[in-house]
Every structure is written in structure tokens, then in C-alpha cells.
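A structural walkthrough
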Amino acid sequence: MAMKAINPKTKLNRQLELQIWREATSIFMTSGHGGCEPYGLALAAYHRGFDVEVHVTSRDPMFLSTVRDEDRRDVVALVHQEFTRQIKQTNIAVRVGKFDIDAMIKAFDRGGIPLVLISHFRLTGEKSPHWVVMTGYADNFVFFHDPYVDWDLGKTETDSVRIPATRAEFAGMARYGISRGRAAVIIKQRNGAPP
């Protein structure tokens, strides 16, 4: 969604979604397949011609504390190490430390599209990490698109578009796990590239 907002020629389809997931996955998470790791998402966007910056609260691998099996934890750590090595070979900015919703709004105002890691608990009741796309803000609200549509509950695409949350609600959603880690990947038009 972020790439399409910046480059309308981007073709959104299931193949692209799965390819990005394959490039960005942490391999394992909790008891199931892995989710997209921030560095992996950043690399996927970078290799598709976008400028990218990553905001994380720690250089440690995301989701590691959710993986119970030691062998799987090792795999997640190795994947993160490889993403870190690849990031160092690019001009992707990695900002480590405290960040908040105001930082995402500033990035948005500069033409960036923030992908923000949230806990899906407040939306679905499930304690799973989930990426949403910030689409705007007004007064005390942040708006975002959620790529997940719960068809089983009779939801449609319009239920997942421009979802409003107060800044305080969004700040509460935008953290994950016991460590309450935060992550955002900001995608921008590459300097000198046509829109």
C-alpha cells in the first residue's frame, strides 16, 4: 500500500505480497510462520527503488521473545544478523532509540509513508504483531490502513481503510511484546526518481 501511494504504477497483487513476505520474514514466530521483520521490510522496499528509513527501539531481533523453541530462536537471530549485514551495504538509515507518533507524523509531512508495527490485540483481540500503514492525521487522531480484513466476521475492505485512532490509542497499539518494542519502516520516493 505504501509503495502504491508513492508510485501509482505499482501493481498490488497476491504475488507481490507473498514475494515481499518471503524477502522480509523472520522465518519463525510464536508457534507459526514468521512475520515481517523491520529490516527485511526495509530491504524489500529499497530493492524496489524506494528510499527507506527504519526506526526501532533496539538493535536486537524483533519477535525473538515470542519464539519458544531454542533452534527456532537461533534461526530468527541468524535472519536478523543477515538483514543487518545487508542493511549496512545500503544507504538505509536506521534510527535506534525512543520514537513516538510525532516522529511518524513528521516523516509523513516530509512525504514518507510510515509502516508501523502494532499489536493486533486492540483490533482483533489476538496478541500478534501486525504492520499497518499510516495514511494521515488530524487534530488528535491518526489514520491508518490495515491490510487484514476479517472476512469470517463479515468485514469488508472498507472496514480496514482509514481507521481512526486517537494519538494515545495509536501509541498504545504501536508496541509489541514483553519488551514493548516499537518499529516503523518509512518508505519515501527515491531522490531523483519520477513519481
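Fair warning: this is a prediction, and the values are worked out from it, not measured in the lab.

**Overview of the side chain of Thr90**
Looking at the element boundaries, Thr90 is found in the loop between helix H4 (70-88) and strand E4 (93-96). A polar contact is formed between the side chain of Thr90 and the backbone nitrogen of Ile92, at a distance of 3.0 Å. Beyond its immediate chain neighbours, meaning those up to four positions away, Thr90 contacts Leu43 and Tyr46.

**Quick look at the packing of aromatic side chains**
For the structure on display, the rule yields two aromatic pairs. When the centroid spacing of 5.4 Å and the interplanar angle of 40 degrees are considered together, the rings of Phe144 and Phe170 count as tilted. Placement of the pair is Phe144 in strand E7 (residues 141-145) and Phe170 in helix H7 (residues 167-173), with a sequence separation of 26 residues. For Phe144, a relative accessible area of 1% corresponds to the buried category.

**Describing the pairing of strand E3 (residues 50-56)**
Along E3, seven of the seven residues are buried, which leaves the element largely enclosed by surrounding structure. Residues Phe50, Val52, Val54 and Val56 of E3 are buried on one face, and the alternating residues Asp51, Glu53 and His55, pointing to the opposite face, are buried as well. Two strands pair when backbone bridges link them, and E3 and strand E9 (residues 183-189) are joined in this way by seven bridges, in the antiparallel orientation. Across the sheet, Val52 pairs through a bridge with Ile187, a residue of E9. Pairing analysis gives four bridges linking E3 to E4, with the strands arranged parallel. Of the residues in E4, the one forming a bridge with Val54 is Val94. Following the backbone out of E3, through H4 and into the adjacent parallel E4, one traces a crossover that is right-handed.

Cut-offs and rules
- Residues numbered from 1 in each chain as written.
- Predicted model: local features only at pLDDT ≥ 70, side-chain atom pairs only at ≥ 80, totals over all residues.
- Heavy atoms only, no water.
- Helix = DSSP H or I, 4+ residues; strand = E, 2+ residues; numbered from the N terminus.
- Polar contact = N/O pair within 3.5 Å; in protein donor to acceptor, adjacent residues only side chain to side chain.
- Contact = heavy atoms within 4.5 Å.
- Phe/Tyr/Trp six-rings, centres within 6.5 Å; stacked < 30°, edge-to-face > 60°.
- Buried < 20%, exposed > 50% of the residue type's maximum accessible area, 1.4 Å probe, protein only.
- Pairing = 2+ DSSP bridges.
- Right-handed = clockwise from strand over helix to strand, strands pointing away.

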